[in-house]
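What follows is each chain in one-letter form.
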Amino acid sequence: MKNYKKMMGLALTGVLSLSLLTACGDKKADPTPTPEVENTTPVETTLKTVQEGKLTLSTNAEFPPYEMLDDSGKPIGIDMEVAEAIAKKLGLELVINDMGFDVALLAAQNGQSDIAMAGITVNEDRLAVMDFTDSYATGVQVVIVKEGSEVNMDNLGDYQIGTQLGTTGYIYASDTPENGGYGEDHVIGYESGAVAVQALVNGQVDAVIIDNLPAAEYVKANPGLTTLEGTWVEEDYAIGVQKGNTELLNAVNGALNELKADGTFQGIVDRYITAD
């Protein structure tokens, strides 16, 4: 299963060894976000967007530390700050719409939002219906189990697995054994990673496939859970836009690469993720 991505024929290049993709909701990471993003100078723009003068972002704020809700219910996190910095680069005001993961992708796909950021993996199916910027993070998916469980990476397919619906964890795991998956009978999709983890705590599933950063948060918040050694799969993540909207894609991609080059992007990441 570790080589599933290669079996799918994906040829992606990671630019940052971070992690992400499915989850959280109840527990949030505890960095102190900086309200003002440095090194971004607003510029005048004639870029066409969903709302004039605004950059509308669709997200699923259940994936700490990339997107989550603060105590007031406001979406915060790495992706939210990066999107804010991109908007400023483009001379636009950021508007954030929090929704289900699948719906967030559809919103960008259908032109109801300008961009989607929610730990989105670039794969062949999504490339057929959306366009993507350069990758901005490498996601590492892991497996959570109960302490003392007999589940391991080799026999995972013999047990019931929980994942978040719509994510590549769900797509890959529920695929047929011939394609490197475990089959739909062994995988249960949940509304969010938080619900999947609760199902594990309740004994409704034997394992949960999720990205390692939210996995660490869930294990910390739920005594008796642990993460299996090793990586289930690694993937690249990018910002999604409506297919064919080349002007917007190039503008967002250019702003993203400027933020990487001038250190703003890494500065945002460092406020949320510290090396152990």
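Residues numbered from 1 in each chain as written. Predicted model: local features only at pLDDT ≥ 70, side-chain atom pairs only at ≥ 80, totals over all residues. Heavy atoms only, no water.

(A) Layout of unusual backbone geometry. Along the chain, Pro 64 connects to Pro 65 via a cis peptide bond; the corresponding omega equals 5 degrees. Mapped onto the secondary structure, Pro 65 falls in the loop between β1 (54–59) and β2 (68–69). (Helix = DSSP H or I, 4+ residues; strand = E, 2+ residues; numbered from the N terminus.)

(B) Representation of the packing of aromatic side chains in the model. Scanning the model with the defined rule gives 2 aromatic pairs in all. Between Phe 63 and Tyr 66 the ring centres are 5.5 Å apart and the planes differ by 20 degrees, which places this aromatic pair in the stacked class. Comparing Phe 63 with Tyr 66 shows no difference in burial state: the two are buried. (Phe/Tyr/Trp six-rings, centres within 6.5 Å; stacked < 30°, edge-to-face > 60°. Buried < 20%, exposed > 50% of the residue type's maximum accessible area, 1.4 Å probe, protein only.)

(C) Main features of the side chain of Ser 135. Note that Ser 135 resides in the loop between β6 (130–132) and β7 (137–146). Polar side-chain contacts of Ser 135 include one of 3.1 Å to the backbone oxygen of Tyr 237. (Polar contact = N/O pair within 3.5 Å; in protein donor to acceptor, adjacent residues only side chain to side chain.)

(D) Quick peek at the packing of helix α2 (residues 78–89) against helix α8 (residues 246–261). α8 packs onto α2 with a crossing angle of 110 degrees between their chain directions and a minimal axis gap of 9 Å. Classified by the angle between their axes, α2 and α8 sit roughly perpendicular to one another. Of the two elements, α2 crosses α8, and the hand of that crossing is right-handed. Here Val 82, Ala 85, Ile 86 and Lys 89 of α2 come into contact with α8, specifically with Val 252, Ala 255, Leu 256, Glu 258 and Leu 259. (Axes fitted to C-alpha atoms, helices over the stretch in contact; angles between N-to-C directions. Parallel < 35°, antiparallel > 145°, perpendicular 65-115°, else oblique. Left-handed = near helix turned anticlockwise from the far one by under 90°. Contact = heavy atoms within 4.5 Å.)

(E) Structural view of the environment of Lys 260. Mapped onto the secondary structure, Lys 260 falls in helix α8. Taking the relative accessible area as the measure of exposure, Lys 260 reaches 26% and is therefore partly exposed. Linking Lys 260 and Tyr 136, residues 124 residues apart in sequence, is a C-alpha distance of 8.7 Å.

(F) Just the pattern of salt bridges, in detail. With the rule as written, the count across this model stands at 5 salt bridges. The shortest N-O distance in the salt bridge between Asp 131 and Lys 243 comes to 3.3 Å. Highlighted residues: Asp 131 in strand β6 and Lys 243 in the loop between β13 (240–242) and α8, separated in sequence by 112 residues. Three or more residues joined by partner-sharing salt bridges are found here, namely Lys 89, Glu 258 and Asp 262. (Salt bridge = Lys/Arg side-chain N within 4 Å of Asp/Glu carboxyl O.)

(G) View of helix α6 (residues 193–201). Buried within α6 are the following residues: Gly 193, Ala 194, Ala 196, Val 197, Ala 199 and Leu 200. Of the surrounding secondary structure, the elements contacted by the buried residues of α6 are β7, β8 (161–164), β9 (187–190), β10 (207–211), α7 (212–221) and β11 (225–227). Within two residues after α6, Gly 203 carries a phi angle of roughly 80 degrees, on the positive side.

(H) Up close: the nonpolar core. Judged by nonpolar contacts, the single largest core of 33 residues is most densely connected at Leu 55, Val 82, Ile 86, Ile 115, Met 117, Tyr 136 and Ile 239. Of all the secondary-structure elements, those providing two or more residues to this core are β1, α2, α8 and α9 (264–272). Per element, the largest residue contribution to this core is 7 residues, and it comes from α2. Sequence-distant contacts of Ile 115, that is, excluding residues within four places in its chain, are made with Leu 55, Thr 56, Leu 57, Ser 58, Ala 108, Ile 239, Gly 240, Val 241 and Val 252. (Core = buried A, V, L, I, M, F, W, Y, C linked by side-chain atoms within 4.5 Å.)

(I) Examining the environment of Leu 90 more closely. Within the element layout of this structure, Leu 90 appears in the loop between α2 and β4 (93–98). For the pair Leu 90 and Lys 54, spaced 36 residues apart in sequence, the C-alpha to C-alpha distance is 9.5 Å.

(J) Broad picture of the pairing of β1. Burial analysis of β1 places 5 of its 6 residues in the buried class, which makes it a mostly covered element. In this sheet, β4 lies alongside β1 in parallel orientation, the contact comprising 6 bridges. Opposite Thr 56, over in β4, you have Val 95 as the bridge partner. One ladder, built from 2 bridges, connects β1 with strand β5 (residues 115–116); its direction is parallel. Its bridge partner lying in β5, Leu 57 is registered against Ile 115. (Pairing = 2+ DSSP bridges.)

(K) Structural detail: the packing of α2 against α9. Running from N to C, α2 and α9 point in directions that differ by 155 degrees, and their axes come no closer than 10 Å. On the basis of the axis angle, α2 is roughly antiparallel to α9. Crossing of α2 over α9 shows right-handed handedness. Across from Ile 78, Glu 81 and Val 82 in α2, the residues of α9 making contact are Phe 265, Ile 268, Val 269, Arg 271 and Tyr 272.

All quantities given are derived from atomic positions and should not be read as evidence of function.
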